[in-house]
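Below, each chain spelled out in residue letters.
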Amino acid sequence: MNNHILHDHLDGGLRASTAKELAIRIGYRPIKEVNDVNKFFDRSDCESLEDYLDAFTHTIALMQTYENIEQIAFESAVDMSDNGINFYESRYAPFYSVNNDLSPIDVVDAINSGFKLAEKENGIISGLILCGMRHDAQNVSAVADLAIEIKDKIIGFDIAGPEYNYLPSLYKDSFTKIRQAGINITIHAGEGAGVDSIQDALDNGAKRIGHGVRIIEDVNEDNSLGKTADYILNEQIPLEICITSNIHTNMYEDVYEHPIARLKDLGFNISLNTDNRLMSTTSVLKELEMAELTGITDPLGLIKFSASDSFLC
């Protein structure tokens, strides 16, 4: 069995109990003094993607030591394994954890150390995708340079954060360098912005699209396709879809409005993902249940990915 998760954020997947434990350990008052940590992080009633992303301020505050980062990475992979996942791709913006005691490479090493511990214990294979933050051009450039410097320690490059008004082409030079270095590219697109963002991601070398669900806006009522949708369908570009997250960022009112089933019926290359398990109070098993509610009869098939779609294989 080869079950894959392709889109999951390390800083969005902490166990609530661990968030509390680490907050007490380092004296982080915003969480240390909270009674219900799950409720504190719950973003099921957001008004926008930006509102959803605000919660990461608090998880990142806990990811400022090697030991904390290592523990979070280990537990993240173990939790995936416990949900039947064999291959886990996680992503993180490494410069958010850089401080006087941690270099960017230290951050990556801590994550990979946690992944190796989980592999030893549970057999799960994990890999790290580095994220540049698209609202900060200097950060994107620095993460791209880091990715090239340590490309043997990572499996890919991405840009994350607020999508609207931050098209991938703003960072064309970084993506060109990343492609020339032979590093896999997946780009957040078609979540906070629409089809133009997806096309721009493709134009800048994306092998997969993070989220990508708004490609449905390039599909007409008679199921005829626009240029971008036609390309993605014909080339079978993987769409890393995250149902619960899409609902919580106010893209769709409820699970029954989500277009994943229609996209699958049209033949698009769909994977099912968790995105941010803490903020969305979700898991692989819950996402499988959500997929079933949309009308997909074989949701397990959405996490069984071919080697050509995974950056780990």
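### Concerning the pattern of salt bridges
Piece 1. Under the criterion given, the structure shown has 13 salt bridges.
Piece 2. Where Arg 208 meets Glu 89, a salt bridge forms, and the shortest distance between an N and an O atom there is 2.8 Å. With Arg 208 in strand E6 (residues 208–211) and Glu 89 in strand E2 (residues 87–92), the pair connects residues that are 119 residues apart, well separated along the chain.
Piece 3. Residue classification places Glu 89 among the buried positions, given a relative accessible area of 0%.
Piece 4. If you follow the salt bridges from partner to partner, you end up with Glu 89, Arg 91, Asp 158, Arg 208 and Glu 240 in one network.

### Digging into the packing of helix H1 (residues 16–26) against helix H6 (residues 66–82)
Piece 1. Running from N to C, H1 and H6 point in directions that differ by 175°, and their axes come no closer than 12 Å. Here H1 is positioned roughly antiparallel relative to H6, judged by the angle of their axes. Contacts between H1 and H6 involve Thr 18, Glu 21, Leu 22, Arg 25 and Ile 26 on the former and, on the latter, Asn 68, Gln 71, Ile 72 and Glu 75.
Piece 2. Broken down by class, the residue content of the contact of H1 with H6 amounts to three nonpolar, three polar and three charged.

### A word on the sheet that holds strand E3 (residues 125–133)
Note on sheets: strands pair through backbone hydrogen bonds, and any given pair is parallel or antiparallel.
Piece 1. Spatially, the four strands line up as an open sheet ordered E1-E2-E3-E4, and their pairing is parallel. Edge positions in the open sheet fall to strand E1 (4–5) and strand E4 (156–160), since each of these has one partner strand only.
Piece 2. As judged from the two bridges shared by E1 and E2, these two strands associate in the parallel manner. Its bridge partner lying in E2, Ile 5 is registered against Tyr 88.

### Points about helix H7 (residues 104–122)
Piece 1. When the terminal C-alpha atoms of H7 are compared, their 27 Å separation across 19 residues agrees well with the 27 Å that a helix rising 1.5 Å per residue should span.
Piece 2. Tucked inside the fold, the buried residues of H7 contact H6, E2, E3 and helix H8 (137–149).

### Brief notes about a negative patch on the surface
Piece 1. On the surface, a cluster of negative charge is made up of Asp 42, Asp 45, Glu 47, Glu 50, Asp 51 and Asp 54.
Piece 2. With respect to the secondary-structure elements, Glu 47 resides in the loop between helix H3 (37–41) and helix H4 (49–53).

### Thoughts on the pairing of E3
Piece 1. Counted residue by residue, E3 has eight buried out of nine residues, so it is predominantly covered.
Piece 2. With six bridges joining them, E2 and E3 adopt parallel strand pairing. Paired with Arg 91 across the strands is Ile 129, a residue of E3.
Piece 3. In the classification by handedness, the crossover that spans E2, the intervening H7 and the parallel E3 is right-handed.
Piece 4. Sheet topology places E3 next to E4; five bridges connect them, and they run parallel. When the sheet's bridge partners are listed, Leu 130 is paired in E4 with Phe 157.
Piece 5. Of the crossover connections in this fold, the one passing from E3 over H8 to the parallel E4 is right-handed.

### Digging into the sheet that holds strand E5 (residues 186–189)
Piece 1. An order of E5-E6-E7-E8 is seen for the four strands of this open sheet, with the pairing classed as parallel. What marks the edges here is a single partner per strand, and that holds for E5 and strand E8 (270–272). Neighbouring strand axes in the sheet, compared pairwise and without regard to direction, differ in orientation by 30° on average.
Piece 2. Two elements, E6 and strand E7 (residues 239–241), share two bridges in a ladder whose sense is parallel.

### Focus on the environment of His 58
Piece 1. By the secondary structure assignment, His 58 is in helix H5 (residues 56–61).
Piece 2. Each C-alpha atom of the pair His 58 and Asp 11 lies 9.2 Å from the other, and the pair is 47 residues apart in sequence.
Piece 3. If sequence neighbours within four positions are ignored, His 58 has contacts with Tyr 28, Pro 30, Ile 31, Phe 40 and Phe 41.
Piece 4. For His 58, the side chain forms a polar contact with the side chain of Tyr 28, separated by 2.9 Å.

### Side note on the environment of Asp 158
Piece 1. Of note, Asp 158 is situated in strand E4.
Piece 2. Expressed as a C-alpha distance, the spacing of Asp 158 and Arg 91, which sit 67 residues apart in the sequence, is 8.2 Å.
Piece 3. With residues up to four places along the chain from it excluded, the contact list for Asp 158 reads Arg 91, Ile 129, Leu 130, Cys 131, Gly 132, Thr 186, Ile 187 and His 188.
Piece 4. Here Arg 91 takes part through its side chain, which lies 2.9 Å from a polar atom of the side chain of Asp 158.
Piece 5. Separated by 2.7 Å, the side chains of Asp 158 and His 188 make a polar contact.

### Quick look at unusual backbone geometry
Piece 1. Unlike most non-glycine residues, Asn 223 shows phi in positive territory, near 70°.
Piece 2. Take Asn 223: it is sitting in the loop between E6 and helix H11 (227–235).
Piece 3. Taking the relative accessible area as the measure of exposure, Asn 223 reaches 38% and is therefore partly exposed.
Piece 4. You will see that Asp 275, though not glycine, has its phi angle at about 65°, which is positive.
Piece 5. Residue class for Asp 275 comes out buried when judged on its relative accessible area of 2%.

Calculation notes
Residues numbered from 1 in each chain as written. Predicted model: local features only at pLDDT ≥ 70, side-chain atom pairs only at ≥ 80, totals over all residues. Heavy atoms only, no water. Salt bridge = Lys/Arg side-chain N within 4 Å of Asp/Glu carboxyl O. Helix = DSSP H or I, 4+ residues; strand = E, 2+ residues; numbered from the N terminus. Buried < 20%, exposed > 50% of the residue type's maximum accessible area, 1.4 Å probe, protein only. Axes fitted to C-alpha atoms, helices over the stretch in contact; angles between N-to-C directions. Parallel < 35°, antiparallel > 145°, perpendicular 65-115°, else oblique. Contact = heavy atoms within 4.5 Å. Nonpolar A, V, L, I, M, F, W, Y, C, P; charged D, E, K, R; others polar. Pairing = 2+ DSSP bridges. Expected span 1.5 Å × (residues − 1). Patch = residues over 30% accessible without salt bridge, like charges linked within 9 Å, V, L, I, M, F, W, Y side chains within 5 Å. Areas by Shrake-Rupley, 256 points an atom, 1.4 Å probe, with all protein chains shown as cover. Lys, Arg positive; Asp, Glu negative; His and termini not counted. Charge placed at Lys NZ, Arg CZ, Asp CG, Glu CD. Right-handed = clockwise from strand over helix to strand, strands pointing away. Polar contact = N/O pair within 3.5 Å; in protein donor to acceptor, adjacent residues only side chain to side chain.

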